[in-house]
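Residue-level structure breakdown
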Amino acid sequence: MTTPENIERLMRPEPKAMKAYTPIEPSDVLSQRIDIPAEKVVKLDGNENPYGCSARVKRALADYPYYHLYPDPEQRELRKALAAYAGSSPEHIIAGSGSDELIDLILRLFVEPGDKVINCPPTFGMYPFSTDVCGGNTINIPREPDFTIDVAAIKQAVDKRTKVIFIASPNNPSGNLTPEPEVLELLETAAVVVIDEAYSEFSGVTLARLVPTCSNLVVLRTFSKWAGLAGLRLGYGIFPRNIVKYLMKIKQPYNVNSAAQVAALESLKDIDYLRNTTTAIVQERARLLTQLRELDWLEVYPSQANFILCSVLNGKAKMIHQELRRKGIFVRYFDTPELQDYLRISVGKPEHTDILIAALREMC
Ligand SMILES: Cc1ncc(COP(=O)(O)O)c(C=O)c1O
């Protein structure tokens, strides 16, 4: 029998060398840690949707009779419904187990060890994570102080080994959009430009209509945020047809489980419910923004998404994060080179805003 050390020697070097992703933790784990009942936890750290999915979706999940059968590997019904919702056609669509899976699949299609992927931090951590898994080389082109992307620097960084450029719009965690003319400039390069629109429904802006006319534009979307289905994992992308052809080849046949497909299809049939909860979140975002701006030790950034980024000017972000945690209020704390002393607060229900603001007022 061999040894654990010999087994490690068999592994690829990239996974061994890379940094692990830091995911958020679920409510029940958080509630056990701080000894507060799960229903009392105010969870504003994951940009999830506090309203959840509609009653119709829950009924459809309960009534579905075919969980013992594999789902459609071609995702025919789902792709048709997603295309109708996104104003596209099914030949341009692929669904994934969250948009995380699509980020991974795109990189597995394009990136060989040593190839370059452009990332614009501060941004969503899965782009460098999945690049690392493929052995790719993440080229960081930092955002400007106001979190806009540096188009000239990105274009200058693109060379023959650059395969993919990732831009989240609205960006997580800064909440700002990248304007269409800037995306058009990036499309002039030979790289695949992935516009990650995970928060599109909260901004009302999408570039999906451009995909059929651009051979290098991909738009990613998800049901985790506006549709309240983060736990079921359903993302999709709008891709040029030839990219769809190869992604369909390399994806796992049954990558989107039946429950996620049922929930997504029923969500789209009950679209008024989702439009109402999205509107409630957008309205609450405005109220939360106003209330946070009343705290003079915070610099609060405008947001087109379902979260708000704040720079903590008194250097006490870590203390505030921990103190909120003790009270059962969870927000995201950043202490990275680009974001020192920042908090990102997801938009919850009005009562969550009230609890959070009262706690913050008490603190400083
Ligand atoms: C910009 C961005 N893209 C993608 C995702 C992941 O979405 P999904 O749950 O569909 O994997 C997130 C989640 O936080 C995100 O912020």
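Please refer to the structure placed before this passage.
Report on the accompanying structure. Just so we're clear, the structure is a prediction, and the values are computed from it rather than from any experiment.

1. Topic: the site of the ligand
Lining the immediate environment of the ligand, one finds 14 residues, of which Ser 99, Asp 196, Tyr 199, Thr 222 and Ser 224 sit closest. Between the ligand and Ser 99, the relevant distance is 2.7 Å, taken from an oxygen atom to a main-chain nitrogen or oxygen of the residue. A distance of 2.5 Å is found between an oxygen atom of the ligand and a side-chain nitrogen or oxygen belonging to Thr 222. Calculation on the ligand without its partners gives an accessible area of 400 Å², and the protein chains cover 93% of this total. Looking at the shell around the ligand element by element, the count peaks at three residues for helix α6 (residues 98–110).

2. Considerations on the sheet that holds strand β2 (residues 93–96)
Taken in spatial order, the seven strands of this open sheet run β2-β8-β7-β6-β5-β3-β4, and their pairing is mixed. With partners counted over all chains shown, the strands left at the sheet margins are β2 and β4 (137–140), one partner each. When the angles between neighbouring strand axes are averaged without regard to direction, this sheet yields 25 degrees. By the bridge criterion, four bridges tie strand β3 (residues 116–119) to β4 in an arrangement that is parallel. Its bridge partner lying in β4, Ile 118 is registered against Ile 139. Sitting on the sheet, helix α7 (residues 126–133) is in contact with β3, β4, β5 (162–168) and β6 (192–196), with an inclination near 150 degrees to β4.

3. Thoughts on the pairing of strand β7 (residues 217–222)
With six of six residues buried, β7 is to be regarded as a mostly interior element. Burial of the side chains of β7 extends over both faces: Leu 217, Val 219 and Arg 221 are buried on one face and Val 218, Leu 220 and Thr 222 on the other. Examined bridge by bridge, β6 and β7 share four bridges and lie parallel to one another. By the bridge assignment, Val 194 is partnered in β7 with Val 218. For β7 and strand β8 (residues 235–238), the ladder comprises four bridges, and the chain directions are antiparallel. Within the sheet, the bridge partner assigned to Val 219 lies in β8 and is Ile 238.

4. Details of helix α11 (residues 241–250)
Burial in α11 covers these residues: Ile 243, Val 244 and Leu 247. The buried side chains of α11 occupy one side of the element, clustering within an arc of 100 degrees when seen end-on. In α11, the exposed residues that point more than 90 degrees away from the buried face are Arg 241, Lys 245 and Lys 249.

5. As for the sheet that holds strand β12 (residues 340–346)
Taken together, the five strands give an open sheet; going across it, the order is β1-β11-β12-β10-β9, and neighbouring strands pair in mixed fashion. Either end of the sheet is taken by a strand with one partner, and the two such strands are β1 (42–44) and β9 (298–300). Within this sheet the neighbouring strands show an average axis-to-axis angle of 30 degrees, counted without direction.

6. Observations regarding the pairing of β3
Alternating residues of β3 divide into Lys 116 and Ile 118 and Val 117 and Asn 119, and every residue in both groups is buried. Tracing the backbone out of β3, into α7 and back to the parallel element β4 gives a crossover that is right-handed. Here three bridges tie β3 to β5, and the two strands are oriented parallel to one another. Bridge pairing in β5 places Lys 116 opposite Thr 162.

The rules behind each value
- Residues numbered from 1 in each chain as written.
- Predicted model: local features only at pLDDT ≥ 70, side-chain atom pairs only at ≥ 80, totals over all residues.
- Heavy atoms only, no water.
- Near = heavy atom within 4 Å.
- Polar contact = N/O pair within 3.5 Å; in protein donor to acceptor, adjacent residues only side chain to side chain.
- Areas by Shrake-Rupley, 256 points an atom, 1.4 Å probe, with all protein chains shown as cover.
- Helix = DSSP H or I, 4+ residues; strand = E, 2+ residues; numbered from the N terminus.
- Pairing = 2+ DSSP bridges.
- Axes fitted to C-alpha atoms, helices over the stretch in contact; angles between N-to-C directions.
- Contact = heavy atoms within 4.5 Å.
- Buried < 20%, exposed > 50% of the residue type's maximum accessible area, 1.4 Å probe, protein only.
- Arc of directions from axis to C-beta.
- Right-handed = clockwise from strand over helix to strand, strands pointing away.

So yeah, pure geometry; function would need other evidence.
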